[in-house]
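If you want the building blocks of each chain, they are given just below.
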Amino acid sequence: MVSRRRQICFLVGAVLACILSVKCQDLVDDCIDGEFHKTKPSPEGSDYVECHSWKSRTCCTANYTKELATNKATNLYNYHWDRCGNLSQECERYIIDEECFYSCEPNVIRWQSKSDNDTFIRVPICGSFCDKWFDACKNDLTCVENWLDDFNYTTGVNHCPTDSTCRTFAEVYGDAAGLCNKMWGVAFKYQASNKNCMVMSFDPKQENPNNDVRPSGVSSGSSGYHASVTFYAVLLLLSFWNSN
């Protein structure tokens, strides 16, 4: 009898440990409806040459990363980042990261606009990330504040408005919060607390930290899942125990 109970305890405990050893998350299974987005996130292979953070589970294609790495946004969107001269290498790296984030990050769909399926609204970006972005770009030049709406697009390509002047990022945005809150319209929100917020680049060898981020008032399903698994595993254990 004792041996039987030990076997049951070991079996239930092993199953429970196996389940709880997996970081269970309610991962999103769709991508926003962007021009170069996949329908669903999936891994990519060796020809995925940019946006490496998302290679194992991405909403953008390998062809997109090749174009971004080769020609920036010029052929993708008829868009130029350098209307006030070439950006510094440090600043341009953050602009590329933002492009990767928009096209490759599956979790932004949680903030998808209800009126425009290829955009999102006020995705929380960690203040620490925005701070580094601002520091990298503060001495670079721009002629507009909002890089989505303020350029002149009458020729089909973005140009500085005729009455604009090139000023430093520091002059235009003031600080990191101004940059993250204004540069791409209402797409992003500076999160000073650095809690429940996203980053636009991370170690590709690690799990995507943005998987855990939720809109305000919405919690991750993993904690509830773990609690349910624990509850039913204990019930199972007691049932077997009492039946023997």
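What you see is a predicted model, and the numbers here were worked out from it, not measured in a lab.

**Some thoughts on the overall build of the chain**
Now for step 1: Each helix and strand counted, the chain has eight helices and six strands in total.
Now for step 2: Ordered by position in the sequence, the α and β elements of the chain form the string α-β-β-α-α-α-β-α-β-β-α-α-β-α.
Now for step 3: Looking at the chain as a whole, 40% of its 244 residues are labelled buried.
Now for step 4: Contacts spanning at least 24 positions in sequence make up 65% of the contacts within the chain whose residues lie at least 6 apart.
Now for step 5: For the chain, the exposed area adds up to about 13,100 Å²; of that, 52% sits on carbon and sulfur atoms.

**Observations regarding the state of the cysteines**
Now for step 1: Summed over the entire model, instances satisfying the criterion amount to eight disulfides.
Now for step 2: Sulfur-sulfur distance for the disulfide between Cys-60 and Cys-104 comes to 2.0 Å. Taking the sign of the torsion about the S-S bond as the criterion, the disulfide between Cys-60 and Cys-104, at about 90 degrees, is right-handed. Here the residue Cys-60 occupies a position in strand S2 (residues 58-60), and Cys-104 occupies one in helix H4 (residues 89-104), the gap between them amounting to 44 residues. Each member of the pair Cys-60 and Cys-104 is classed as buried.

**Quick word on helix H2 (residues 62-71)**
Now for step 1: Looking only at H2, the buried set comprises Ala-62, Tyr-64, Thr-65 and Leu-68. Mapping the buried residues of H2 onto a view down its axis gives an arc of 160 degrees, with all of them on the same face. Of the exposed residues in H2, the ones pointing more than 90 degrees away from its buried face are Asn-63 and Thr-70.
Now for step 2: Those residues of H2 hidden inside the fold are in contact with S2, helix H3 (74-77) and H4.
Now for step 3: At the C-terminal side of H2, Lys-72 shows a positive phi close to 60 degrees.

**A short note on the confidence of the model for the chain**
Now for step 1: On average, the chain scores 87 in pLDDT, and the residues at 70 or more come to 79%.
Now for step 2: Below a pLDDT of 50 lies the segment residues 14-24, which in the model reaches 15 contacts outside its immediate sequence neighbourhood of four places, other chains included.
Now for step 3: Throughout residues 221-234 the model reports pLDDT below 50, and contacts reaching past four residues in sequence, or to other chains, amount to 16 contacts.

**Details of the pairing of strand S3 (residues 123-126)**
Each regular strand displays side chains that alternate between the two surfaces of the sheet.
Now for step 1: The side-chain alternation of S3 yields two buried faces, one formed by Val-123 and Ile-125 and the other by Pro-124 and Cys-126.
Now for step 2: Examined bridge by bridge, S3 and strand S6 (residues 188-191) share four bridges and lie parallel to one another. Bridge pairing in S6 links Cys-126 to Gln-191.

**Quick look at the packing of H4 against helix H5 (residues 127-137)**
Now for step 1: Close contact between H4 and H5 brings their axes to 7 Å; oriented N to C, the two are set at 135 degrees. With respect to each other, H4 and H5 are oriented oblique. Note on packing geometry: the crossing formed by H4 with H5 is left-handed. Contacts between H4 and H5 involve Glu-90, Cys-91, Tyr-94, Ile-95 and Glu-98 from the first element and Phe-129, Lys-132, Trp-133, Ala-136 and Cys-137 from the second.
Now for step 2: Within the contact of H4 with H5, the residues separate by chemical class into seven nonpolar, no polar and three charged.

**Notes on the side chain of Arg-214**
Now for step 1: Secondary-structure assignment places Arg-214 in the loop between S6 and helix H8 (222-243).
Now for step 2: Overall, the relative accessible area of 1% leaves Arg-214 in the buried class.

**A short note on H5**
Now for step 1: Regarding H5, the residues found buried are Gly-127, Phe-129, Cys-130, Trp-133, Phe-134, Ala-136 and Cys-137.
Now for step 2: The inward-facing, buried residues of H5 contact H4, S3, helix H6 (169-173), helix H7 (176-182) and S6.

**Considerations on the environment of Asn-194**
Now for step 1: Position of Asn-194 among the secondary structure elements: in the loop between S6 and H8.
Now for step 2: Considering only alpha carbons, one finds Asn-194 and Pro-124, 70 residues apart in sequence, at a separation of 9.1 Å.
Now for step 3: Each residue touching Asn-194, except ones within four places of it in the same chain, is listed here: Cys-126, Gly-127 and Ser-128.
Now for step 4: Engagement of the side chain of Asn-194 in a polar contact is seen with the backbone nitrogen of Ser-128, the distance being 2.8 Å.

**A few points about unusual backbone geometry**
Now for step 1: A positive phi angle, close to 55 degrees, is found at Asn-78, a residue other than glycine.
Now for step 2: Checked against the element boundaries, Asn-78 lands in the loop between H3 and H4.
Now for step 3: Of note, Asn-194 is a non-glycine position whose phi angle comes to about 60 degrees, a positive value.
Now for step 4: Take Asn-194: its relative accessible area is 37%, and that puts it in the partly exposed class.

Each value, and the rule that gives it
- Residues numbered from 1 in each chain as written.
- Predicted model: local features only at pLDDT ≥ 70, side-chain atom pairs only at ≥ 80, totals over all residues.
- Heavy atoms only, no water.
- Helix = DSSP H or I, 4+ residues; strand = E, 2+ residues; numbered from the N terminus.
- Buried < 20%, exposed > 50% of the residue type's maximum accessible area, 1.4 Å probe, protein only.
- Contact = heavy atoms within 4.5 Å.
- Areas by Shrake-Rupley, 256 points an atom, 1.4 Å probe, with all protein chains shown as cover.
- Disulfide = S-S within 2.5 Å.
- Arc of directions from axis to C-beta.
- pLDDT = per-residue confidence, 0-100.
- Pairing = 2+ DSSP bridges.
- Axes fitted to C-alpha atoms, helices over the stretch in contact; angles between N-to-C directions.
- Parallel < 35°, antiparallel > 145°, perpendicular 65-115°, else oblique.
- Left-handed = near helix turned anticlockwise from the far one by under 90°.
- Nonpolar A, V, L, I, M, F, W, Y, C, P; charged D, E, K, R; others polar.
- Polar contact = N/O pair within 3.5 Å; in protein donor to acceptor, adjacent residues only side chain to side chain.

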